[in-house]
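Report on the structure
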Amino acid sequence: MSRPEDSLLADVHYDDTEARKYTTSSRIQTIQASMTRRALELLALRSPSFILDIGCGSGLSGEILSDIPASEGGPHLWVGMDISPSMLDVALQRDVEGDLFLADIGQGVPFRAGSFDAAISISAIQWLCNAESSETSPAGRLARFFNGLYASLKRGGRAVCQFYPKNDEQKKMITSAAVKAGFGAGLLEDDPETKNAKIYLVLTVGDAGVKGDITGVVEGMDGVDVLDSRRKGKTGRGEIKKGSKAWILKKKDQMEKKGKVVKASSKYTGRKRRIQF
Amino acid sequence: MKVLTLNFLTCAVKACKSSSDSFPLHPKEAELAKDDVEINPQLLVNVLPRIDWAALRTTSTELGFPALPEQPPTAEELEADEKMLQELHSLLMETQIMEGKLVCGHCGHEYAIREGIANFLLPSHLV
């Protein structure tokens, strides 16, 4: 399947026709709605909250936030940011309840610290991996976005971002940028290894009512397997024993890099001398 | 754009991040509209501790509303006082800025508001 992210910028791709097509397609509507509900389930909000919708588009996800009945802790108040004027125009015509902003999330999040209870983003942050001008880099845009988002969420807040990574590399780039900004981060994958796989980046600020680490978010949910790929225990550095051949080679390598004159290594390097009488 | 949202907005310019003048943004030539929004007391109580009261007072004076009390009400006071709840609701949730500008007090950058949507796209030299 072709990815619009590969060919155009978000604000250019979602022009008037594309924005209308996107919003009126019943297939997209259903998918977006189910993803928004899943994200809300992960946010676990209990009372009416103030939510940031990142890449809100025509307000498909925002509408669901406003429509949550009081019995389920709603309705929520939301603020949406999007870079595409056409999408926002469609949102205006649809008369959505949240406040809308025309803004580029790669330029940061212009809200003061601790503004929001939660943040939600449906199919948006993969756009950050593309930078079309020489002045910006994907890593820089991701860093600005996540730093801004981290600051604008209140302590104990959560964010759920559903996104479509192009490959594992993008997935890793996005996750590591989030972790670097200070979030507790985890990836939840629905229907893994199928064509309909949906990836949610779950982020927490502070403890966020989660027991232990980020895996506590999915505690008590049905049908979720936890795969922990974090490194455990001692890693890398501690394994080389001082005085061993590997250690000597490492030291020689370091010295060589510093520009010192280092004797060539051979099979005799680091061997014990025979006992001499 | 709701007055409540304005209370959370800061200037997006990088150099303004460290300055206290970049918050709140000052509305200029603002055209206001009033929307009917259903009152949600729980949401107001929830958001109340996060509202910067001093900034809200400045904004409401700049928009030409009567002066607010000096101290913010506490959650209990607000829950008990129907009238205050209604007043806050109509200021924060129902009052919308439809057209105008938001000006940063530090760098003077003007963010245009059209049809209730503020334009926060920055030219690349300000990012």
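Residues numbered from 1 in each chain as written. Chains lettered and ligands numbered in written order. Predicted model: local features only at pLDDT ≥ 70, side-chain atom pairs only at ≥ 80, totals over all residues.

Under an unreviewed UniProt entry, the name given to chain B is Multifunctional methyltransferase subunit trm112, and the source organism is Cercophora newfieldiana. The record held by UniProt for chain B lists under Sequence similarities (unreviewed entry) the comment "Belongs to the TRM112 family." (UniProt positions renumbered as here; feature names shortened; annotations may be inferred.)

If you check an unreviewed UniProt entry, chain A appears there as S-adenosyl-L-methionine-dependent methyltransferase from Cercophora newfieldiana. Its UniProt record gives chain A the following Sequence similarities (unreviewed entry) comment, quoted word for word: "Belongs to the class I-like SAM-binding methyltransferase superfamily. BUD23/WBSCR22 family."

A closer look at the overall build of chain B
Regarding its fold elements, chain B presents five helices and four strands. Counting from the amino terminus, helix and strand elements in chain B follow one another as α-β-α-α-α-α-β-β-β. At 15 Å, chain B has a C-alpha radius of gyration in line with the 14 Å of a compact globule built from 127 residues. Referenced to the eigenvectors of the C-alpha coordinate spread, the extents of chain B come out at roughly 50 × 30 × 25 Å. (Helix = DSSP H or I, 4+ residues; strand = E, 2+ residues; numbered from the N terminus. Rg over C-alpha atoms; globule rule 2.2 N^0.38 Å.)

What about the environment of Asp104(A)?
Here Asp104(A) shows up in the loop between β3 (99–102) and β4 (116–122). Taking the number of C-beta atoms within 10 Å as the measure of exposure, Asp104(A) has 23 and is therefore buried. Residues Asp104(A) and Asp11(A), 93 residues apart in the sequence, show an inter-C-alpha distance of 9.3 Å. Those residues within four positions of Asp104(A) in sequence are excluded, and the remaining contacts are Ile83(A) and Leu121(B). (Buried ≥ 20, exposed ≤ 12 C-beta atoms within 10 Å, placed from the backbone. Contact = placed C-beta atoms within 7 Å.)

Focus on the packing of helix α3 (residues 16–24) of chain A against helix α6 (residues 85–93) of chain A
A pair of packed helices is captured by two measures, namely the crossing angle of their axes and the spacing between those axes. Residue and element names in this part refer to chain A. Contact geometry of α3 with α6 gives a least axis separation of 8 Å together with a crossing angle of 50°. It follows that α3 is oblique to α6 by the angle criterion. Between α3 and α6 lies a crossing whose hand is right-handed. Contacts between α3 and α6 pair Asp16, Ala19, Arg20 and Thr23 from the former with Ser86, Met87 and Val90 from the latter. Its residues placed into classes, the contact of α3 with α6 shows three nonpolar, two polar and two charged. (Axes fitted to C-alpha atoms, helices over the stretch in contact; angles between N-to-C directions. Parallel < 35°, antiparallel > 145°, perpendicular 65-115°, else oblique. Left-handed = near helix turned anticlockwise from the far one by under 90°. Nonpolar A, V, L, I, M, F, W, Y, C, P; charged D, E, K, R; others polar.)

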